[in-house]
Amino acid sequence: MTSRGALRVAAVAGLGLVVLVATAIVAIPFLVSVDGLRRTVATQLASLTGQPVSVGGTSRFRMFPWPTVTVESVVVGGEEGTQPIVEGTALEAGLALLPLLTGRIEVTSVALIEPRIAITIDGLGRSNWRTNDSILTLFVPDERRVDPQRPPRLGQLDIVNGQIVYRDVPAQRRTVLSRVDLGIAWPSLDSRLTITGRVRHNGEDLTINGTVARPAALFRSEISPYDLTFDTSSLRARATGELLTAPGLRAEGRFEFSSPSLRRMTQWFVPELTGGPD
């Protein structure tokens, strides 16, 4: 076969492969089960958070510009009559394309739309968020349970127009953050976590940027460096140091801040009274 003939064969084969892939992509919306996608997304979120996850309402699937499944409501936690940790009006989950072509569902990103997130430290100093059922606990050093070659893929979490309510019962402290728009990127358990976005607190918009160098270490009761910056019209601050989780989550390090007004700055450090409705 001549070189020209070989090139023609390669071109035809390449064109055929492109047509095959394009056909498969176009056919995916007709082959996948939206209800199946919804159940799989809920199962993966439950494995990651260690909490029961329920999704309801209408589900939709779109292929372009990237595969995405949308459900109208999501609830995380709330078992045995307890208050849910997360209640959102909608959830959008981005899916990896190549696994989808082979029939596997791999969630690469999650967007919580208008969620209400309730984080509570009870009278014994225990958080309502972490449980031993989370897939993240697989990275506790145990040779029988860990496959170091295939750490779970986490991806991107976006919080869109949410609210975060933090209650510390022993300290009698309650903090409410509104208009929460945050992007949290954690590609895999062996990578660093980054957070960017803004929230509203005490009537002011607060811009947040930060990193946690070794977030997976926190699930092994080890230490992770962190670096966070906060910027508002009345306060500019930076916190650096180490996070640790034994016996409870706490931060140690250095806090630097500046403010044009001492009175406005103190508003950020005056705790809200507890006992009011959440």
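Sequence order sets the numbering: in each chain, residues are counted from 1 along the sequence as written. Residues qualify for local features only when their pLDDT is at least 70, as the model is predicted, and side-chain atom pairs are given and counted only at 80 or more; totals for whole chains, interfaces and linings, by contrast, use all residues. As a rule here, side-chain values come from all non-hydrogen atoms in the structure, and water together with hydrogens is ignored.

Undergrad: Summarise the overall build of the chain; cite the residues concerned and give the values.
TA: Per the convention used, a helix needs a DSSP run of H or I reaching at least four residues, while a strand needs a run of E reaching at least two, with both numbered from the N terminus. Across its full length, the chain holds four helices and 13 strands. Per-residue accessibility, obtained with a 1.4 Å probe over protein chains only, is compared with the maximum for each type, and a residue is labelled buried under 20%, exposed over 50%, and partly exposed between these values. Every one of the 278 residues in the chain was classed for burial, and the buried ones make up 35%. In this description, contact between two residues means that some pair of their heavy atoms is separated by no more than 4.5 Å. Taking the contacts inside the chain whose residues are at least 6 apart along the sequence as the reference set, 47% of them involve residues at least 24 apart. For the accessible areas, the method is Shrake-Rupley and the probe is 1.4 Å, while residue cover comes only from the protein chains on display. Accessible area of the chain: about 16500 Å², with a carbon and sulfur share of 57%.

Undergrad: Before we move on, could you go through the side chain of Glu 204 and cite the residues and values that matter?
TA: Its place among the elements puts Glu 204 in strand E10 (residues 204-212). For Glu 204, a relative accessible area of 11% translates into the label buried. There is a polar contact of 2.6 Å between the side chain of Glu 204 and the side chain of Ser 233. The definition of a polar contact used here is a pair of N or O atoms within 3.5 Å, where within protein one atom must be able to donate a hydrogen and the other to accept one, and adjacent residues in sequence count solely through side-chain atom pairs.

Undergrad: Any details on the environment of Ala 237? Residues and values, ideally.
TA: Within the secondary structure layout, Ala 237 lies in strand E12 (residues 236-244). With 21 residues separating them along the chain, Ala 237 and Ser 258 place their C-alpha atoms 6.5 Å apart. With residues up to four places along the chain from it excluded, the contact list for Ala 237 reads Leu 228, Thr 229, Phe 230, Phe 255, Glu 256 and Phe 257.

Undergrad: Any details on the nonpolar core? Residues and values, ideally.
TA: For soluble globular proteins, nonpolar side chains are generally found buried alongside one another. If you look at the biggest cluster of nonpolar residues, it comprises 41 residues, and the most contacted ones within it are Val 41, Leu 91, Val 180 and Val 199. In terms of residue count, the dominant contributor to this core is strand E8 (residues 173-188) (five residues). When residues no more than four places from it in sequence are discounted, the contact partners of Val 180 are Ile 159, Val 160, Asn 161, Gly 162, Gln 163, Ile 164, Arg 198 and Val 199. Side-chain atoms within 4.5 Å are what join buried Ala, Val, Leu, Ile, Met, Phe, Trp, Tyr and Cys residues into a set we call a nonpolar core.

Undergrad: I'd love a proper account of the pattern of salt bridges, names of residues and values included.
TA: Pairing between side chains becomes possible if they bear opposite charge and their charged atoms approach one another. By definition here, a salt bridge exists when the distance from a side-chain nitrogen of Lys or Arg to a carboxyl oxygen of Asp or Glu is within 4 Å. Following the criterion strictly, the structure yields five salt bridges and no others. In this structure, Arg 200 engages Asp 205 in a salt bridge whose closest nitrogen and oxygen atoms are separated by 2.9 Å. Owing to a relative accessible area of 22%, Arg 200 belongs among the partly exposed residues under this scheme. Judged by relative accessible area, Asp 205 falls into the partly exposed class, the value being 37%. Among the ionic pairs, Glu 222 bridges to Arg 214, the shortest N-O distance being 3.2 Å. On the accessibility criterion, Glu 222 (29% relative accessible area) is partly exposed. Given a relative accessible area of 38%, Arg 214 falls into the partly exposed group.

Undergrad: Go over the packing of aromatic side chains, please, and point to the residues and values.
TA: By convention, a stacked pair of Phe, Tyr or Trp rings (six-membered ring in the case of Trp) has centres within 6.5 Å and planes under 30 degrees apart, an edge-to-face pair has planes over 60 apart, and any other such pair is tilted. The final tally for this structure, using the stated rule, is one aromatic pair. Each ring, one from Phe 255 and one from Phe 257, has its centre 5.5 Å from the other, and the planes form 40°; the classification is tilted. Take Phe 257: its relative accessible area is 42%, and that puts it in the partly exposed class.

Undergrad: Before we move on, could you go through the pairing of E12 and cite the residues and values that matter?
TA: Two strands are said to pair when DSSP picks up at least two bridges between them. In the sheet, strand E11 (residues 223-231) pairs with E12 via nine bridges, with the strands oriented antiparallel. Following the sheet pairing, Phe 230 is matched in E12 by Ala 237. Once E11 ends, the chain turns through four residues before running back antiparallel as E12.

Undergrad: Help me get a handle on unusual backbone geometry, residues and values and all.
TA: One non-glycine residue, Glu 114, lies in positive phi territory at about 50°. Summarising the element assignment, Glu 114 is placed in the loop between strand E5 (107-113) and strand E6 (116-121). Take Glu 114: its relative accessible area is 41%, and that puts it in the partly exposed class. Phi is positive for Gln 172, close to 55°, though the residue is something other than glycine. Relative to the assigned elements, Gln 172 resides in the loop between strand E7 (153-168) and E8.

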